[in-house]
Each structure stands twice: as C-alpha cells, then as structure tokens.
Amino acid sequence: MNGNNPYAGAPGVVDAGHPEESELSTSEVRHLREAVAGIVSRTQTYLPEGYAVGSELSYGSNGPQATVAVRPPVGRPISAGFTPDEEDLESGLTDDDRDEVARGLAASAAFQVMNAVGDDLTPTAR
C-alpha cells in the first residue's frame, strides 16, 4: 500500500502523510498573481472575442501551482500549468516567459477551433 502514498519513502525525508510545507511570503504571492494576470491579459490580446481566458492559483504537494486556461468558442479547452521555483517567485517571471506561454495558449486555442470546425466552411465573401 505504500506505493499508493505519494509521501511514502525513506524515513526522515518526508513523514508519511505529511508533505513538506512551503509558506509563501506576501510579496511572493503578489508576484505570482501578477505574473499569472499578465499571462491572462497577454493571451486575451492574441485572441478575438468569444474566447474565455481565466486562471487559478493553488497549493499542491509540490508547492504553489498556477494554471491559465482558454475556452475557445468551439473545441476543447486548453490549459497551461506551471509550478514556479523559488527563484521565479522572488524575481518574477520574465516578459519573454509570459509572452511564450500566452502565444502558446492562443495558438493552441485557435488550433482547437480549426479542428472542431474543419474545412467545410463556405466563405461568406471573396
């Protein structure tokens, strides 16, 4: 049964059933929220109306986790999640990192729409 317990392991490393807790400072939480909000707003700028973009912050067994998700008008939702390390929390995510995630989400959401609609559309104008 220990194989089902994610905290089972070598004695003294992590007590069984008790994950290591990592407390975030107020400034680290603020930096993480700002970074995720920046990804959401950048993703929205790449997409037309009809796409819903949102985010969620949670605390899992590996520490803080951030998820940004896009629900296209048709097709399956797209999400990107990451668990920042301590350096990212202290310094914040770079603009390049935020842009990369936002562009990837927008492109994946547009691709989902293309897959759902297919090539059977008749153009309304020429």
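The preceding data block contains the structure.
Residues numbered from 1 in each chain as written. Predicted model: local features only at pLDDT ≥ 70, side-chain atom pairs only at ≥ 80, totals over all residues. Heavy atoms only, no water.

Peer 1: Is there a simple way to think about the side chain of Arg 98 in this case?
Peer 2: Assignment of secondary structure puts Arg 98 in helix 3 (residues 95–117). Asp 95 provides the closest opposite charge to the buried, unpaired Arg 98, separated from it by 4.4 Å. (Helix = DSSP H or I, 4+ residues; strand = E, 2+ residues; numbered from the N terminus. Buried < 20%, exposed > 50% of the residue type's maximum accessible area, 1.4 Å probe, protein only. Lys, Arg positive; Asp, Glu negative; His and termini not counted. Salt bridge = Lys/Arg side-chain N within 4 Å of Asp/Glu carboxyl O.)

Peer 1: What should I look at first to understand the sheet that holds strand 3 (residues 78–82) in this one?
Peer 2: Taken in spatial order, the three strands line up as 1-2-3 in an open sheet, and their pairing is antiparallel. Looking along the sheet, the strands with just one partner apiece sit at the ends: strand 1 (52–60) and strand 3. Strand after strand, the sheet turns through a mean of 15° between neighbouring axes, direction not considered. Where helix 1 (residues 26–46) meets the sheet, it contacts strand 1, strand 2 (63–71) and strand 3, and its direction lies at approximately 155° from that of strand 1. (Pairing = 2+ DSSP bridges. Axes fitted to C-alpha atoms, helices over the stretch in contact; angles between N-to-C directions. Contact = heavy atoms within 4.5 Å.)

Peer 1: Before we go on, may I ask you to explain the nonpolar core in this structure?
Peer 2: Among soluble globular proteins, nonpolar side chains are generally buried collectively. Counting 17 residues, the largest nonpolar core has Leu 47, Tyr 51, Val 53, Val 68, Val 70 and Leu 105 as the members making the most contacts within it. Considering each element in turn, this core owes the most residues, five residues, to helix 1. With near-sequence residues (within four places) excluded, Leu 105 lies in contact with Ile 39, Thr 43, Val 68, Val 70, Ile 78, Ser 79 and Ala 80. (Core = buried A, V, L, I, M, F, W, Y, C linked by side-chain atoms within 4.5 Å.)

Peer 1: Help me understand the environment of Ser 55, please; the structure alone is not making it clear to me.
Peer 2: Considering the arrangement of structural elements, one finds Ser 55 in strand 1. Residue Ser 55 is classed as partly exposed on the basis of its relative accessible area, which comes to 45%. The sequence separation of Ser 55 and Val 40 amounts to 15 residues, and the corresponding C-alpha distance is 7.0 Å.

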